[in-house]
Amino acid sequence: MLKIRLRRMGKKHQPFYRVVVSESRAVPSAPALEELGWFNPQPDPPKVTLELDRLEYWVGKGAQMSPTVKKLIGHQAAAAKAAVAAPAAPAKAKRPAKVEAAPAVPAEVEAVPAEVVAATPEAVSADGAAG
C-alpha cells in the first residue's frame, strides 16, 4: 500500500520535512516514488508548499495520507482561502519618532553682530572682545 507521509530532513534542532509518496512498509528514509512538497516548521508561521494536483492523483491511485499530512493540507487550504478572501494589507507605516519642540532662542543670540560671527578664535582676546 502507498503512503503519503513526511520525511525528516535538515540538521539537528532544525527540522525540515518533505512530503513524499512511498511504500508503507518501507522506512521513511527509503527512496520515494515522488516528492509532493515540503514543510518548514521553523518560521512563525510555519511554511507549507504542496502540489495539490499530484496529491489528488496519488490519492486517486489508492495512496493513504498520514494524519500529519492531512493537517498540513488543511493549513495550506486555510491559508489560501485567507489570501484570496482578504487582499494583502498595506504595510503599516512606522510611526515617526517624537520630535520635541526646539527651545526658544533668546533675542540677544539672534542679534549677534556679523563681525563677532566672522571672528576666528585667534582673533578673540582673553577678555572676549574681538579684534
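Shown above is the structure to which this text applies.
Residues numbered from 1 in each chain as written. Predicted model: local features only at pLDDT ≥ 70, side-chain atom pairs only at ≥ 80, totals over all residues. Heavy atoms only, no water.

S.K.: I'd like to hear about helix H2 (residues 67–85), residue by residue, with values.
M.R.: Between its first and last C-alpha, H2 extends 27 Å over 19 residues, near the 27 Å set by a 1.5 Å rise per residue. Buried-residue contacts for H2 involve strand E1 (2–11), strand E2 (14–23), strand E3 (34–40), strand E4 (47–50), helix H1 (52–60) and strand E5 (64–65). (Helix = DSSP H or I, 4+ residues; strand = E, 2+ residues; numbered from the N terminus. Expected span 1.5 Å × (residues − 1). Contact = heavy atoms within 4.5 Å.)

S.K.: Quick one: what's the story with the nonpolar core, residue by residue and with numbers?
M.R.: The biggest cluster of nonpolar side chains holds 14 residues, and the ones touching the most others in it are Ile4, Val19, Val21, Leu36, Trp58 and Val69. Those elements giving two or more residues to this core turn out to be E1, E2, E3, H1 and H2. Beyond its immediate stretch of four places on either side in the chain, Val21 contacts Leu2, Lys3, Ile4, Ala32, Leu33, Glu34, Leu36 and Trp58. (Core = buried A, V, L, I, M, F, W, Y, C linked by side-chain atoms within 4.5 Å. Buried < 20%, exposed > 50% of the residue type's maximum accessible area, 1.4 Å probe, protein only.)

S.K.: Let's hear about the side chain of Ser66: which residues, and what values?
M.R.: Mapped onto the fold, Ser66 is located in the loop between E5 and H2. On the basis of relative accessibility, which here comes to 11%, the residue Ser66 falls in the buried class. If we ignore the near neighbours within four places in the chain, the residues touching Ser66 are Ile4 and Arg5.

S.K.: Residue-level account of the packing of aromatic side chains, with values.
M.R.: All told, the structure shown has three aromatic pairs when counted by the stated rule. Note on Phe16 and Trp38: the rings are 5.8 Å apart at their centroids and 20° apart in plane angle, and the pair reads as stacked. Placement of Phe16 in strand E2 and of Trp38 in strand E3 is noted, with a sequence separation of 22 residues between them. A centroid spacing of 6.0 Å and a plane angle of 25° characterise the contact between Tyr17 and Phe39, whose relative ring orientation is stacked. Taken together, the residues Tyr17 in strand E2 and Phe39 in strand E3 connect sequence positions 22 residues apart. (Phe/Tyr/Trp six-rings, centres within 6.5 Å; stacked < 30°, edge-to-face > 60°.)

S.K.: Explain the pairing of E2 to me, and be specific about the residues and the numbers.
M.R.: By the bridge criterion, ten bridges tie E1 to E2 in an arrangement that is antiparallel. Its bridge partner lying in E2, Lys3 is registered against Ser22. Counted along the chain from E1 to the antiparallel partner E2, the turn is two residues long, and its residue His13 has a positive phi close to 65°. (Pairing = 2+ DSSP bridges.)

S.K.: Now, about the side chain of Arg7: what can you tell me, with residues and values included?
M.R.: Within the secondary structure, Arg7 sits in strand E1. For the buried residue Arg7, which engages in no salt bridge, the nearest side chain bearing the opposite charge is Glu35, 4.5 Å off. One polar contact links the side chain of Arg7 to the main-chain carbonyl oxygen of Ala30, over a distance of 2.2 Å. Arg7 has contacts with Phe16, Tyr17, Arg18, Val20, Pro28, Ser29, Ala30, Pro31 and Ala32, leaving out every residue within four places of it along the chain. (Lys, Arg positive; Asp, Glu negative; His and termini not counted. Salt bridge = Lys/Arg side-chain N within 4 Å of Asp/Glu carboxyl O. Polar contact = N/O pair within 3.5 Å; in protein donor to acceptor, adjacent residues only side chain to side chain.)

S.K.: Report on the pattern of salt bridges, specifying residues and quantitative values.
M.R.: The final tally for this structure, using the stated rule, is three salt bridges. Note that Arg18 is salt-bridged to Glu35, the shortest N-O span being 3.2 Å. Taken together, the residues span a long stretch of sequence, with Arg18 in strand E2 and Glu35 in strand E3 at a distance of 17 residues. Classification of Arg18 as partly exposed rests on a relative accessible area of 29%.

That is the geometry; function is a separate question.
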